[in-house]
Amino acid sequence: MGVMALLALGINHKTAPVSVRERVAFSPEQLADALHQARDSARLSEVAILSTCNRTELYCSSELAGTRDLLEWLGTYHDLDPDELQQCSYAHWGEDAARHMMRVASGLDSLVLGEPQILGQLKSSFSLSQEHGHAGAELGRLFQQTFSVAKQVRTDTAIGENPVSVAYAAVSLAQHIFSDLAESKALLIGAGETIELVARHLTQAGVSDITVANRTLGRALSLAEEFDGKAIILGDIPEALPNADIVIASTASQLPILGKGAVETALKKRKHRPIFMVDIAVPRDIEEQVAELDDVYLYTVDDLKEAIEENQRNRESAAREAEEIIEAGAHEFMRQLRSLEAVDTLTALRGQAERTRDQELEKALRQLRNGKDAETVITQFARGITNKMLHQPTIQMRKASAEGRTDLLSLVQELYQLSETEQNEPNK
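Throughout what follows, the structure given in this document is the object of discussion. (Residues numbered from 1 in each chain as written. Predicted model: local features only at pLDDT ≥ 70, side-chain atom pairs only at ≥ 80, totals over all residues. Heavy atoms only, no water.)

On to the environment of Arg99. Tracing the sequence through the fold places Arg99 in helix H5 (residues 94-105). Spatially, the C-alpha atoms of Arg99 and Leu415 are 31 Å apart, while their sequence positions differ by 316 residues. If sequence neighbours within four positions are ignored, Arg99 has contacts with Ile326, Glu327, Ala330 and His331. In this structure the side chain of Arg99 is engaged in a polar contact, spanning 2.9 Å, whose partner is the side chain of Glu327. (Helix = DSSP H or I, 4+ residues; strand = E, 2+ residues; numbered from the N terminus. Contact = heavy atoms within 4.5 Å. Polar contact = N/O pair within 3.5 Å; in protein donor to acceptor, adjacent residues only side chain to side chain.)

In structure tokens form, the structure reads like this:
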């Protein structure tokens, strides 16, 4: 068997448009079969597949020197031209493959720098490959080192600490203002993607009481159901407002939906318990005069933008620290790999030395049993074992010296730690 090489082959949001990415994606139901087919078709020894909306990557231990077989298989499987795939794919080998995987796991290769979901997706990809018997020792070591580096990046840098989406920034602000979000009730105005993301972040932060207000009740209902919330139409907002601790608005309305009068009335009913409001909409959903009320904390999309830009800068400096951790991790992985390669040679060397020892010992014991003088036997045993051990290396070194291969002689000096004085000393 040839030498195994580690390969990471894939396409992502930087190299391919969504029209190609969606065609190369694997559904969860396809993965087990795809792993099996990839291994057989491309003659891989081990394989794992990661497939998300932004990337499809194959991690392999392969005897092949190229990627053509794998691209042919990927093209056949998804009914795509392998040449087209070649245009928008990338391949990393050996240490580059390890470095790439570590960057992916740490969120450095993501659309949103430092996003944490990708690590979980990689763990699932490895588990599935293991479960179906396609991940062995090589990929096992690579994935474990990758997870360990990603964990260090999360622990030692601030890469994932600061929100960089408007929805996340809005919920983070709420967390700064309320000590325990689990006690808070939220009213979300609108039912588009941003509000859906806000609802998801609020739920993760512990908010369980969510009301969705929308122009059409149907859309509000389908979103509210997802989060065990209530749905109302925009006209019902004044009734819902006195119960809301958090109000986040994001509609496409050209006119404000929430005016100063309605908020003032709600505050009286709340006995002036404060309301936290975020207006993500452009143009505004909440009249700017609402900010003048004493018990309202109103933030606009511009307030959030500043926080997001600041956080983006923080993430970028954290990313530079992360790159250093990854570089060290990739080097360490290769060092471990090289030290493992020495194991077979060491085992063979030790085995040969032990066979020589056993033969000479057997000879010495036989002579002792036959009554030969013990001192003579021990002297012969010591001389015999030394000569046998050094016989082959001596022949090879003389041959190397005659051929001018001084590198081998230097290596022996290093291996046996031979100092200049030892080499020049006469035989005792």
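Given two aromatic rings, one states the distance between the centres and the angle between the planes to describe the pair. All chains considered together, the criterion is met by nine aromatic pairs. Look at Phe143 and Phe147: their rings are 5.8 Å apart centre to centre, the planes differ by 50 degrees, and that puts the pair in the tilted class. Of this pair, Phe143 and Phe147 both sit in helix H7 (residues 137-156), four residues apart, which is roughly one turn of that helix. Relative accessible area serves as the criterion here: at 11%, Phe147 is assigned to the buried category. Cluster of aromatic residues (ring-pair linked, three or more members): Tyr59, Phe126, Phe143 and Phe147. The ring centre of Phe147 lies 5.6 Å from the NZ or CZ of Lys123, which sits over that ring. (Phe/Tyr/Trp six-rings, centres within 6.5 Å; stacked < 30°, edge-to-face > 60°. Buried < 20%, exposed > 50% of the residue type's maximum accessible area, 1.4 Å probe, protein only. Lys NZ or Arg CZ within 6 Å of the ring centre and 35° of its normal.)

It is worth spelling out helix H8 (residues 166-177) at this point. For H8, spanning twelve residues, the distance from its first C-alpha to its last is 17 Å, which sits close to the expected 16 Å at 1.5 Å a residue. Each element contacted by the buried residues of H8 is listed here: helix H9 (193-204), strand S8 (246-249), strand S9 (275-279), strand S10 (296-300) and helix H13 (301-369). (Expected span 1.5 Å × (residues − 1).)

Moving on: the sheet that holds strand S4 (residues 90-93). Ordered by their spatial adjacency, four strands build an open sheet running S2-S3-S1-S4, and the pairing between neighbours is antiparallel. Strands with a single pairing partner mark the edges of an open sheet, and in this sheet they are strand S2 (44-51) and S4. Across this sheet, the average inter-strand angle for adjacent strands is 15 degrees, counted without regard to direction. Taken together, the seven bridges between S2 and strand S3 (residues 55-62) define a ladder with antiparallel strand orientation. If you follow Glu46 over to S3, its bridge partner there is Ser61. Sitting on the sheet, H5 is in contact with strand S1 (5-12), S2, S3 and S4, with an inclination near 115 degrees to S4. (Pairing = 2+ DSSP bridges. Axes fitted to C-alpha atoms, helices over the stretch in contact; angles between N-to-C directions.)

This brings us to the nonpolar core. In this structure, Tyr59, Leu122, Leu139, Phe143 and Phe333 are the most contacted members of the largest nonpolar core, which totals 35 residues. Of all the elements in the fold, those that place two or more residues in this core are S1, S2, H5, helix H6 (117-131), H7 and H13. A total of nine residues in this core trace back to one element, the largest contributor, which is H13. What Phe143 contacts, discounting residues up to four positions off in sequence, is Ala48, Tyr59, Met101, Leu122, Ser125 and Phe126. Core analysis: the second largest hydrophobic core is formed by 30 residues, Val198, Ala224, Ile246 and Leu304 among them. (Core = buried A, V, L, I, M, F, W, Y, C linked by side-chain atoms within 4.5 Å.)

Fair warning: the whole summary comes from geometry, so function is off the table for now.
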